[in-house]
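Summary of the model geometry
Read off the chains here:
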Amino acid sequence: QVQLVESGGGLVQPGGSLRLSCAASGSIFSINAMAWYRQAPGKQRELVARITSSSNTNYADSVKGRFTISRDYGKNTVYLQMNSLKPEDTAVYLCYAVLKSASYSYYRTYWGQGTQVTVSS
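Our subject in this report is the structure included herewith.

**Looking at the packing of aromatic side chains**
Counted under the stated rule, the structure contains four aromatic pairs. Ring centres 4.9 Å apart and planes at 65 degrees place the aromatic pair Tyr-37 and Trp-111 in the edge-to-face group. One end of the pair, Tyr-37, is in strand β4 (residues 28–39); the other, Trp-111, is in strand β10 (residues 108–111), and 74 residues separate them in sequence. What makes Trp-111 partly exposed here is its relative accessible area of 36%. Note that Arg-19 overlies the ring of Tyr-79, its terminal NZ or CZ placed 4.0 Å from the centroid. The ring of Tyr-104 has Arg-108 lying over it, and the distance from NZ or CZ to the ring centre is 4.3 Å.

This is how it looks when you write it as structure tokens:
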């Protein structure tokens, strides 16, 4: 069974940094895209950053220049380095992956449980 497990969230002061990690485990054959989304209370879930299997990336305008997404292909892990954090970055950050596992002959989407990021003084 495939699982996405996030780590690295927490409380940080404005201007600070955090690094999130998301490890995909299970009988995984191939991972296509991986991404980070976030959802703040009372708001819709939004894409933060995405990285494809060929390492193409795209970012939400609100995080460009501050956040960096990267992947370790050997470890099936995606990272989100977040710098110059602002209070409006406060949200639950969720990992997302499109992958093919031993259970299915096609690519499916998977979500992690989420990790809380709080930016406050």
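Moving on from the model shown.
**Here we look at the sheet that holds strand β8 (residues 77–82)**
Pairing within the open sheet is antiparallel, and its four strands lie in the order β1-β3-β8-β7. The strands lining the two open edges of the sheet, one partner per strand, are β1 (3–7) and β7 (67–72). Here the strands of the sheet are splayed against their neighbours by 15 degrees on average, with no regard to which way each runs.

**Details of the nonpolar core**
A general feature of soluble globular proteins is that nonpolar side chains tend to end up buried together. In terms of nonpolar packing, the biggest core is built from 31 residues, with Trp-36, Val-48, Phe-67, Val-78, Leu-80, Met-82 and Tyr-93 touching the most fellow members. Looking at this core, the elements that each hand over two or more residues are β3 (18–25), β4, β5 (46–51), β7, β8, β9 (91–101) and β11 (115–119). Looking at this core element by element, the count peaks at five residues for β9.

**Quick look at the layout of surface pockets**
Space inside the largest pocket adds up to approximately 150 Å³. Surrounding the largest pocket, 13 residues form its lining, Arg-38, Ala-40, Lys-43, Glu-46 and Glu-88 being those nearest its centre. Counted by class, the lining of the largest pocket contains two nonpolar, four polar and seven charged residues.

Criteria and cut-off values
- Residues numbered from 1 in each chain as written.
- Predicted model: local features only at pLDDT ≥ 70, side-chain atom pairs only at ≥ 80, totals over all residues.
- Heavy atoms only, no water.
- Phe/Tyr/Trp six-rings, centres within 6.5 Å; stacked < 30°, edge-to-face > 60°.
- Helix = DSSP H or I, 4+ residues; strand = E, 2+ residues; numbered from the N terminus.
- Buried < 20%, exposed > 50% of the residue type's maximum accessible area, 1.4 Å probe, protein only.
- Lys NZ or Arg CZ within 6 Å of the ring centre and 35° of its normal.
- Pairing = 2+ DSSP bridges.
- Axes fitted to C-alpha atoms, helices over the stretch in contact; angles between N-to-C directions.
- Core = buried A, V, L, I, M, F, W, Y, C linked by side-chain atoms within 4.5 Å.
- 1 Å grid on protein atoms, 1.4 Å probe; cavity = no way out; pocket = protein on both sides within 12 Å on 5 of 7 lines; lining within 4 Å.
- Points joined across faces, edges and corners; volume = space filled by probe spheres on them.
- Nonpolar A, V, L, I, M, F, W, Y, C, P; charged D, E, K, R; others polar.

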